[in-house]
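Observations on the three-dimensional arrangement
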Amino acid sequence: MKQSGADQKQRDLVRVHENTRKNLEQEISAFKGEAHKQRKAIFLLEKEGEKYAAEAEEVGAKYAQAREEQIM
């Protein structure tokens, strides 16, 4: 009787550990997916920032050229 009770406790512990492992694996997978989404968002924001920087540089050059033409 004692042995069968110990066996059952051991099986229960194994089940608990397996469930915990599965839950942790699911959480890790979710975190990886979220990290991927955030890396993609960062990449898109960096590209957008580069685009606006180029536009600002172009506008600044046009402004400088207009000022030069106005002086002449």
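The preceding data block contains the structure.
Structure report, in brief. All figures in this text were calculated on a predicted structure; none of them were measured in a lab.

With that settled, consider the overall build of the protein. When its secondary structure is counted, the protein shows one helix and zero strands. Taken over C-alpha atoms, the radius of gyration comes to 31 Å for the protein, far larger than the 11 Å a tight globule of 72 residues would show. Judged by the C-alpha coordinates and their principal axes, the protein covers about 105 × 10 × 5 Å. Here the protein holds 72 residues, and the buried ones make up 0% of them. With the model as given, the accessible surface of the protein reaches about 7000 Å², and the carbon-plus-sulfur share is 59%. Taken as two groups, the 14 positive and 14 negative side-chain charges of the protein have centres that lie 14 Å from each other.

Side chains carrying opposite charge are able to pair once their charged atoms draw close together. Tallied over the full model, the rule gives five salt bridges. For Glu 34, the salt bridge identified is with Lys 37, shortest N-O distance 3.6 Å. With Glu 34 and Lys 37 both in helix H1 (residues 2–71) and three residues apart, the pair spans about one turn of that helix. Note on Glu 34: relative accessible area 35%, which makes it partly exposed. Residue Lys 37 is classed as exposed on the basis of its relative accessible area, which comes to 52%. Between Lys 47 and Glu 50 there is a salt bridge whose closest N-O contact spans 3.8 Å. Of the two residues, Lys 47 and Glu 50 both sit in helix H1, three residues apart, roughly one turn of that helix. Assessed through its relative accessible area of 49%, Glu 50 is described here as partly exposed.

Looking now at the environment of Arg 11. Along the polypeptide, Arg 11 turns up in helix H1. Residue class for Arg 11 comes out partly exposed when judged on its relative accessible area of 43%. Separated by 47 residues in the primary sequence, Arg 11 and Glu 58 place their C-alpha atoms 70 Å from one another.

About the criteria used
Each chain has its residues counted from 1, running along the sequence as written. In keeping with the model being predicted, local features are shown solely for residues with a pLDDT of at least 70 and side-chain atom pairs are shown and tallied solely at 80 or more, while totals for entire chains, interfaces and linings include all residues. Side-chain measures were taken over the full set of non-hydrogen atoms in the model, leaving aside hydrogen atoms and water. Secondary structure elements follow DSSP: runs of H or I of four or more residues count as helices, runs of E of two or more count as strands, with numbering from the N terminus. The globule rule used for comparison is 2.2 Å times the number of residues to the exponent 0.38, while the radius of gyration itself is calculated over C-alpha atoms. When accessible area is computed with a 1.4 Å probe and restricted to protein chains, residues below 20% of their type maximum are described as buried, those above 50% as exposed, and intermediate ones as partly exposed. Residue-level accessible areas treat just the shown protein chains as cover; the underlying method is Shrake-Rupley with a 1.4 Å probe. In this tally, Lys and Arg are treated as positive and Asp and Glu as negative; His is ignored, and so are the chain termini. To locate a charge, take NZ of a lysine, CZ of an arginine, CG of an aspartate or CD of a glutamate. The term salt bridge refers to a pairing of a side-chain nitrogen on Lys or Arg with a carboxyl oxygen on Asp or Glu at a separation within 4 Å.

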